[in-house]
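This is what each chain is made of:
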Number of protein chains: 2
Amino acid sequence: MDLINRQWTVAEHPISELVEKHFKYQESSVSKLVEGEVLLKTHYLNIAPVMRMYMMKGGAGISREKHLKIGEVIHGRGIAEVLESFHPDYQVGDFVHGQIGWQTYKVSQMKQEERFIKMKKRNLPVHYGLSALGMTGYSAYCGFMDRGQPHAGDTVLVSGAAGGVGSLVIQIAKAIGCKKVVGIAGGPEKCAIAMSLGADDMIDYKKDDIESKLDEYMPEGFDVFFDNVGGAILESSLNFMKRGARVVLCGGISEYTLPVRPIPQNIMSIRSKAASILGFLVYNHTHQFSEAEDKMAGWITDNKLSPLVDMVDGFDKMPEALMGLYSGTNIGKRIVKVIDGPEVLY
Amino acid sequence: MDLINRQWTVAEHPISELVEKHFKYQESSVSKLVEGEVLLKTHYLNIAPVMRMYMMKGGAGISREKHLKIGEVIHGRGIAEVLESFHPDYQVGDFVHGQIGWQTYKVSQMKQEERFIKMKKRNLPVHYGLSALGMTGYSAYCGFMDRGQPHAGDTVLVSGAAGGVGSLVIQIAKAIGCKKVVGIAGGPEKCAIAMSLGADDMIDYKKDDIESKLDEYMPEGFDVFFDNVGGAILESSLNFMKRGARVVLCGGISEYTLPVRPIPQNIMSIRSKAASILGFLVYNHTHQFSEAEDKMAGWITDNKLSPLVDMVDGFDKMPEALMGLYSGTNIGKRIVKVIDGPEVLY
């Protein structure tokens, strides 16, 4: 079997906005396995805002993943099938999600820093391993449940409510009995979708005055704010903290292309509100991943939760799929389907 | 018995710094008790930074206590003995701490907003009810234990380490087995006292470069920072958060006399550290007061904790005692002894 590995590499480091010239397509051959190695075939690849930062010179201060040099395959998690294995822990036919990179095959020693997680057989679409049953789901579950400490009856605010993580948080909040769940998203289509997932009210940040809508929908403020956006939306929302409110900083997509990260000018009002501002990194919660996955799978089976996926078809679309993310075109978790053929259940 | 009530009232609203002309001394007679009332005799009065804000016009945005008008008795907690009681819950000889105000007697209906707490008999100095066994102790215990979530082995940083709350937090941290406890205070005397209470290292903010000392004493950063000071010390310290660190904002004495509250310019680094910035108001923790008091009393009895009290003698010294607080002259919890005679055990 003579396999051709298709790859996307860094052609040039982006300074601010990502454009086509930053990406380079190449093909290489797949090396022969040696003892301890596994041959992975990519089925789906993840598209995430942070990828732009990996591509920037010096990783733009992000130390968690090694920063990319010119010519290196772009970082990224994906779902892969084990095609061959010389590794005792992996069998042919297993599915894993982890650090594959932007390529169609990977020969791996499955080292810890690649953070591979073996998928459990649940007879659900295998690509859920990049949404509700993978890092996206772990982020939503651990960030909201462990950092946000929501209680039944709480008022919850979610920004990026039609995004991969936000759309799950909306549904988790309703599943656990939060009284009022308000989302923020851009445009009528996203707002309608978030309403269909259970949001009680939606604010369209492209059209509405955010603060007057918050005043209308939650006059007493929120108990938990799960923020995926940062910037001006974070600042406006901080004016609506109830006493003891929890604000989870999960993402800041509005800030990623700014040269300097903004500081909400009202952030110190957490003093008088006894509120909490909570940084969140999903890898601080590895001990909760298995619980998160089982809970999410349970809600999916009970029809309480449905992953919102924005599927892009074809490995050649990788750069386009990432570039579009910053202009807010995706609805739900953006994933690229790399393999041909119908949806695989696993 | 014809009792004369000595009182301090607001003569003028302060704009920034407190000076003598803002205070007025007066005497009045004590009214006769009616059904449901208690006559309280003040033994000790509390001196706290927040009092300046009560005295400012409109309470300087502080809504928790009603703001003071010209001519009104200044707010403040104290310890009092029940001299007479027409109230079923209080007996002659009971001691309470609560909202007495700057006066030597109070006739009270013991309403909820006065937040009176009956003291337990422990055969300890009665004035501990304004330090370790009252609000100061509740703030230290609930703020540090519940908000800060310290674990044995943690590295802990405490600013205002020779103040009322800070000196207790230092001792609690050692009592529960925190590995390294570093304090920040102003001047060699305060630093020496905090060391004698158990601090492993002290930083003198008047002399030392805070960041280079932090680098020396905690190269890996802190797990918990209990901040009583705010301002520049808060900002410097935020550069030393470990991943997952907790920063408890208990007080901001350095900020109280500034026209605009400063915002630490590095505060958003809580994102990349998955850290928590935690506002703290002791009245959010009333359900933990009894536990706090019992724990503190236990540590006192076991010689693990000793309240650090800065006792000022005489009711006439009230304005002076408060004005001096902002220039950092006190070591430990500042209390004014109102009664004559020796220390009372209760």
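Computed from a predicted structure; not experimentally measured. Within each chain, residues carry numbers counting from 1 in the order of the written sequence. Following the order in which they are written, the chains are lettered starting with A and the ligands numbered starting with 1. Reporting of local features is limited, given that this is a predicted model, to residues whose pLDDT is at least 70; pairs of side-chain atoms are given and counted only at 80 or more, and all residues count toward the totals for whole chains, interfaces and linings.

### A look at the overall build of chain A
Each helix is a run of H or I in the DSSP string that is no shorter than four residues. Each strand is a run of E no shorter than two, and both are numbered from the N terminus. Counting its secondary structure elements, chain A contains 9 helices and 15 strands. What the globule rule says is 2.2 Å times the number of residues to the power 0.38, and the radius of gyration is computed from C-alpha atoms. Relative to a compact globule of 346 residues, whose C-alpha radius of gyration would be 20 Å, chain A shows 20 Å and is just as compact. The C-alpha extent of chain A, read off along each of the three principal axes, is 65 × 45 × 35 Å. Exposure criterion: with C-beta atoms placed from backbone coordinates, a residue whose C-beta has 20 or more other C-beta atoms within 10 Å is buried, one with 12 or fewer is exposed, and one in between is partly exposed. Residues counted as buried form 49% of the 346 residues belonging to chain A. Counted over contacts in chain A with a minimum sequence separation of 6, partners at least 24 positions apart contribute 67%. Residue pairs qualify as contacts under a 7 Å threshold applied to their C-beta atoms, which are placed from the backbone.

### Considering the environment of Ala140(A)
Residue placement: Ala140(A) occurs in helix α2 (residues 135–147). When near neighbours in sequence (up to four residues on either side) are disregarded, Ala140(A) contacts Val165(A), Leu168(A), Val169(A) and Ile172(A).

### Digging into the relation of the copies chain B and chain A
Related by rotation about an axis and a shift along that axis, the two copies of the chain form a pair. In screw terms, the move from chain B to chain A is a rotation of 180 degrees and a rise of 0.0 Å along the axis, fitting with an RMSD of 0.0 Å. Between the two chains, the operation in question is that of a two-fold axis. Relative to the rotation axis, the C-alpha of Ile277(B) is the closest in chain B, positioned 2.6 Å from it. When the interface residues of chain B are mapped onto chain A, 100% of them again fall at the interface, so both copies present the same face. Residues reaching a pLDDT of at least 70 in both copies supply the C-alpha atoms on which the copies are superposed by least squares.

### What to know about the domain arrangement of chain A
By a frequent convention, interface size equals the accessible area lost on bringing the separate parts together. Residues and elements named next belong to chain A. In terms of domain boundaries, chain A breaks down into domain 1 (4–131 + 308–337) and domain 2 (135–283). Reported domain spans reflect what an automatic or database domain assignment gives. Spacing between the C-alpha centres of domain 1 and domain 2 amounts to 28 Å. Looking at the side of domain 1 that touches domain 2, its residues break down into 6 nonpolar, 4 polar and 5 charged. Residue type decides the class: Asp, Glu, Lys and Arg count as charged, Ala, Val, Leu, Ile, Met, Phe, Trp, Tyr, Cys and Pro as nonpolar, and the leftover types, Gly among them, as polar.

### Concerning the nonpolar core
Core analysis: the largest hydrophobic core is formed by 210 residues, its most contacted members being Val169(A), Ala194(A), Val169(B) and Ala194(B). Setting aside its immediate chain neighbours within four residues, Val169(A) contacts Ala140(A), Phe144(A), Val158(A) and Phe226(A). Buried Ala, Val, Leu, Ile, Met, Phe, Trp, Tyr and Cys residues whose C-beta atoms connect them within 7 Å together make up a nonpolar core.

### Let's talk about the interface of chain B and chain A
Contacts between the two partners involve 21 residues from chain B and, on the opposite side, 21 residues from chain A. For the side of chain B that touches chain A, the elements supplying multiple residues, two or more each, are β12 (241–249), α7 (270–273) and β13 (276–279) of chain B. In terms of residue class, the side of chain B that touches chain A is built from 11 nonpolar, 6 polar and 4 charged. When DSSP finds two or more bridges between two strands, those strands count as paired. Relative to β13(B), strand β13 (residues 276–279) of chain A runs antiparallel, the two being bridged by 3 bridges. Note on β13(B): the bridge partner recorded for Ile277(A) is Ile277(B).

### With respect to the environment of Asp310(A)
Residue and element names in this part refer to chain A. Considering the arrangement of structural elements, one finds Asp310 in strand β14 (residues 309–313). For the pair Asp310 and Gly332, spaced 22 residues apart in sequence, the C-alpha separation works out to 5.4 Å. When neighbours within four sequence positions are excluded, Asp310 is seen to be in contact with Asn330, Ile331, Gly332, Lys333 and Arg334.

### Some words on the packing of α2(A) against helix α3 (residues 164–175) of chain A
Residues and elements named next belong to chain A. Their axes nearest at 9 Å, the elements α2 and α3 cross at an angle of 50 degrees. One way to sum up the angle between α2 and α3 is to call them oblique. In this structure, the crossing between α2 and α3 has a hand that is right-handed. Contact residues: Thr136, Gly137, Ser139, Ala140, Tyr141 and Phe144 in α2; Gly164, Val165, Leu168, Val169 and Ile172 in α3. Split by residue class, the contact of α2 with α3 holds 7 nonpolar, 4 polar and no charged. An axis is simply a line fitted to the C-alpha atoms; with a helix, the fit covers only the stretch in contact. Between two such axes, the angle follows the N-to-C directions and lies from 0 to 180 degrees. For classification purposes, angles smaller than 35 degrees are called roughly parallel, those larger than 145 roughly antiparallel, those between 65 and 115 roughly perpendicular, and all remaining angles oblique. Each crossing is labelled by how the near helix is turned from the far one, with a counterclockwise turn of less than a right angle marking it left-handed and a clockwise turn marking it right-handed.

### Digging into the sheet that holds strand β9 (residues 180–185) of chain A
Sheet architecture is open: 12 strands sit in the order β10(A)-β9(A)-β8(A)-β11(A)-β12(A)-β13(A)-β13(B)-β12(B)-β11(B)-β8(B)-β9(B)-β10(B), paired in mixed fashion. Two strands bound the open sheet, and with one partner strand each, they are β10 (201–204) of chain A together with β10 (201–204) of chain B. Strand after strand, the sheet turns through a mean of 15 degrees between neighbouring axes, direction not considered. Note that strand β8 (residues 155–159) of chain A and strand β11 (residues 222–227) of chain A share 3 bridges and pair parallel. For Leu157(A), the partnering residue across the bridge sits in β11(A) and is Phe225(A). Running at roughly 165 degrees to β10(A), helix α4 (residues 188–196) of chain A makes contact with β9 and β10 of chain A of the sheet.

### Remarks on unusual backbone geometry
Positive phi, normally seen in glycine, also occurs at Met110(A), with a value near 55 degrees. Along the polypeptide, Met110(A) turns up in the loop between β6 (105–108) and β7 (117–118).

### So, α4(A)
It helps to recall that an α-helix has 3.6 residues per turn; residues three or four apart then point in one direction. Residues and elements named next belong to chain A. Taken together, the buried positions of α4 are occupied by Lys190, Cys191, Ile193 and Ala194. Along the axis of α4, the buried positions cluster into a sector of 165 degrees, meaning they face one direction only. Exposed side of α4, more than 90 degrees from the buried face: Pro188, Glu189 and Ser196 are the residues found there. In the core, the buried residues of α4 are packed alongside α3, β9 and β10. The directions considered for the arc run from the helix axis to the C-beta atoms.

### Details of the pairing of strand β3 (residues 38–46) of chain A
Residues and elements named next belong to chain A. Counting buried residues along β3, 8 of its 9 residues qualify, which places the element largely inside the surrounding structure. Sheet topology places β3 next to strand β4 (residues 77–85); 7 bridges connect them, and they run antiparallel. Each bridged residue has a counterpart across the sheet, and for Thr42 the counterpart in β4 is Ala80. Where β3 and β6 come together, 4 bridges link them in antiparallel fashion. Pairing of Val38 across the sheet is with Ser108, part of β6.

### Some thoughts on helix α8 (residues 289–301) of chain A
Residues and elements named next belong to chain A. Multiplying 1.5 Å by the residue count of a helix minus one yields the expected span of that helix. The terminal C-alpha atoms of α8 lie 18 Å apart, and with 13 residues this matches the ideal 18 Å at 1.5 Å per residue to within 8%. Within α8, burial applies to Ala292, Glu293, Met296, Trp299 and Ile300. Seen along its axis, α8 keeps its buried residues to an arc of 130 degrees; they face one direction. Facing away from the buried side of α8 by over 90 degrees, the exposed positions are Ser290, Gly298 and Thr301. Buried residues along α8 sit against α2 and α3. Just past α8, the residue Asn303 takes up positive phi, approximately 60 degrees.

### As for the packing of helix α2 (residues 135–147) of chain B against helix α8 (residues 289–301) of chain B
All names here are of chain B. Put simply, α2 and α8 touch, their axes get as near as 9 Å, and they point 100 degrees apart. With respect to each other, α2 and α8 are oriented roughly perpendicular. When α2 is examined against α8, the residues Gly137, Tyr138, Tyr141 and Cys142 are found in contact with a partner set consisting of Phe289, Ala292, Glu293, Lys295 and Met296. Across the contact of α2 with α8, the residue classes break down as 6 nonpolar, 1 polar and 2 charged.

### What to know about the environment of Ala275(A)
Residue position: Ala275(A) is located in the loop between α7 (270–273) and β13. The class for Ala275(A) is buried, based on 27 C-beta atoms found within 10 Å. Along the sequence, Ala275(A) and Gly58(A) sit 217 residues apart, while their C-alpha atoms lie 35 Å from each other. Beyond its immediate stretch of four places on either side in the chain, Ala275(A) contacts Met241(A), Gly244(A), Ala245(A), Val247(A), Ile270(A) and Gly279(B).

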